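Observations on chain architecture
Letter by letter, the chains look like this.
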2 protein chains.
Amino acid sequence: MPTERIAALVFDVFGTVVDWREGVARNAAAFLQRHPGARQDAYAFADAWRARYSPAMEEVRSGRRPFTRLDQLHRENLEAVLPEFGITPAAVPEEELQWLNRAWHRLEPWPDSVEGLSRLKRRCVIAPLSNGNFSLLLNLAKYAGLPWDAIMGAELAQAYKPMPQAYLRTAALLDLPPQRVCLVAAHNGDLAAARRCGFKTAFIPRPREFGPNQQTDLMAEQDWDWVAKSLVELAGMLGA
Amino acid sequence: MPTERIAALVFDVFGTVVDWREGVARNAAAFLQRHPGARQDAYAFADAWRARYSPAMEEVRSGRRPFTRLDQLHRENLEAVLPEFGITPAAVPEEELQWLNRAWHRLEPWPDSVEGLSRLKRRCVIAPLSNGNFSLLLNLAKYAGLPWDAIMGAELAQAYKPMPQAYLRTAALLDLPPQRVCLVAAHNGDLAAARRCGFKTAFIPRPREFGPNQQTDLMAEQDWDWVAKSLVELAGMLGA
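Predicted model only: the values in this text are computed from it and were never measured.

**Things to note about the pairing of strand β5 (residues 200–203) of chain B**
Residues and elements named next belong to chain B. Here four bridges tie strand β4 (residues 181–185) to β5, and the two strands are oriented parallel to one another. Its bridge partner being in β5, C182 is matched across the sheet by K200. Note that the unit made of β4, helix α10 (residues 188–196) and β5 has a crossover that is right-handed. The pairing of β5 with strand β6 (residues 226–227) spans two bridges and is classified as parallel. Bridge assignment links F203 to a residue of β6, and that residue is V227.

Given below as structure tokens:
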């Protein structure tokens, strides 16, 4: 493994570094309890909200819509999901909707994330390469104690993963050739897109990201440059 | 002072957080010693190089030239300065020119900078808002141990300070109204431009930035929101 040549590790965040499903469900539960008439299933709420994530970005990726921040897409998706749980968005105070929409800014890291990142940071640059917008990723880092060197991702690239521009513009901002940047992700599709751009790849399976019945991304589907069970294990592999 | 409403502190870097003159002179001295025929005055070299900084950016600010990274402007300025010291750029190995050009990535912080930033970081978001390009600021942070939450500045804004877009696009990326962002700088002109955009302002005089005979920016020229002798003193004022 060409570990000596990696100058930056960039990370998928939702699912790879933080547990979005537990975090969104926790926030949704508090919200639903304030609306006793609503369907009280916070995990179903998290899953329904997340199910609209990729289709919303696809509108942007396809060019049918100009680049739009994830906070805005989340908000539109939230207003679409609320009626499925018996809630009329217009009847909810704006402040409460904003609070719930920012659940994505308040997610817990996986147990190995902060230690793993802290060790990897001693060895090279670490930054998110996420579809989350800049302020979301920044607030999330402050909330979860993620010790990034910089905040990067779709908003800076003005392109959502897995569009090649999302990876290539990130490498360009770092002033590094793609082969000196490694994407760390729990999703084979993300890694495949990064590899096509010349990035190195590290797979960290997160078999509970989608809950107890997860069927996808349970194992490496290509010969990724590194495969580790946690960010702490990855740090060990990279000598950090 | 409305300290409770500041959500992010953004910092000028060259002169405010790091001592560019000493650092560039240190690197230039090592370079000049490898060229015994050259004029051996490293401080004069640093000053001559820096003198071309603002005019080079003015080409971009005026619209005569598309946005160009500071690393590239520094390189062009370096090739213009070398003959003044008796060196023909084309006769210097490319690797050596690149090393010297990256002197701006290897500058020491002022003695109070790391402690001050570390304390301020506990209270709110801290990030550079510098004319340095993204990778320069990132490398500098790793070199000098600057604990930024994010890297921001002219390259992300695609506008050099003191153009209003440099400040306004930074606030927009933070998803904050300008009045919740405070610029910290050693330069009255930078603060005046930030204030015109609605930013709060903090002045930290750095009376030796330009060497022992500095005549400018020795004192506050407006009633800035805060004036402190160091970043540690500013942290105390902000209760951090």
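**Comments concerning the pairing of strand β1 (residues 8–11) of chain A**
Residue and element names in this part refer to chain A. Of the two faces of β1, the one carrying A8 and V10 and the one carrying L9 and F11 are both buried. Two strands pair when backbone bridges link them, and β1 and strand β2 (residues 125–130) are joined in this way by four bridges, in the parallel orientation. The residue bridging F11 from the neighbouring strand is P128, located in β2. Across four bridges, the pairing between β1 and strand β4 (residues 181–185) is parallel. For F11, the partnering residue across the bridge sits in β4 and is V184.

**Considerations on the interface of chain A and chain B**
Opposite the 21 residues of chain A that make contact, chain B presents 21 residues. Between chain A and chain B, roughly 1,700 Å² of surface is buried when both sides are summed, and carbon and sulfur atoms account for 57% of that area. Contact with chain B buries area across many residues of chain A, yet F134, K142 and L173 of chain A alone supply 30% of it, more than any other trio. Our count for the chain A to chain B interface comes out at six salt bridges. Among the salt bridges present, the one from R69 of chain B reaches D175 of chain A, with a minimum N-O distance of 3.4 Å. The interface formed by chain A and chain B includes 10 residue pairs in polar contact (both at pLDDT 80 or more).

**So, the relation of the copies chain A and chain B**
For the match of chain A to chain B, the screw axis carries a shift of 0.0 Å, the RMSD comes to 0.0 Å, and the turn is 180°. Classification of the inter-copy transformation places it as that of a two-fold axis. Ranked by how close their C-alpha atoms come to the rotation axis, the residues of chain A are headed by A150 of chain A, at 2.2 Å. In this assembly the copies share their binding face: 100% of the residues contributing to the interface of chain A also contribute to that of chain B.

Conventions used here
- Residues numbered from 1 in each chain as written.
- Chains lettered and ligands numbered in written order.
- Predicted model: local features only at pLDDT ≥ 70, side-chain atom pairs only at ≥ 80, totals over all residues.
- Heavy atoms only, no water.
- Pairing = 2+ DSSP bridges.
- Helix = DSSP H or I, 4+ residues; strand = E, 2+ residues; numbered from the N terminus.
- Right-handed = clockwise from strand over helix to strand, strands pointing away.
- Buried < 20%, exposed > 50% of the residue type's maximum accessible area, 1.4 Å probe, protein only.
- Contact = heavy atoms within 4.5 Å.
- Buried area = accessible area lost by both parts, 1.4 Å probe.
- Salt bridge = Lys/Arg side-chain N within 4 Å of Asp/Glu carboxyl O.
- Polar contact = N/O pair within 3.5 Å; in protein donor to acceptor, adjacent residues only side chain to side chain.
- Least-squares fit on C-alpha atoms with pLDDT ≥ 70 in both.

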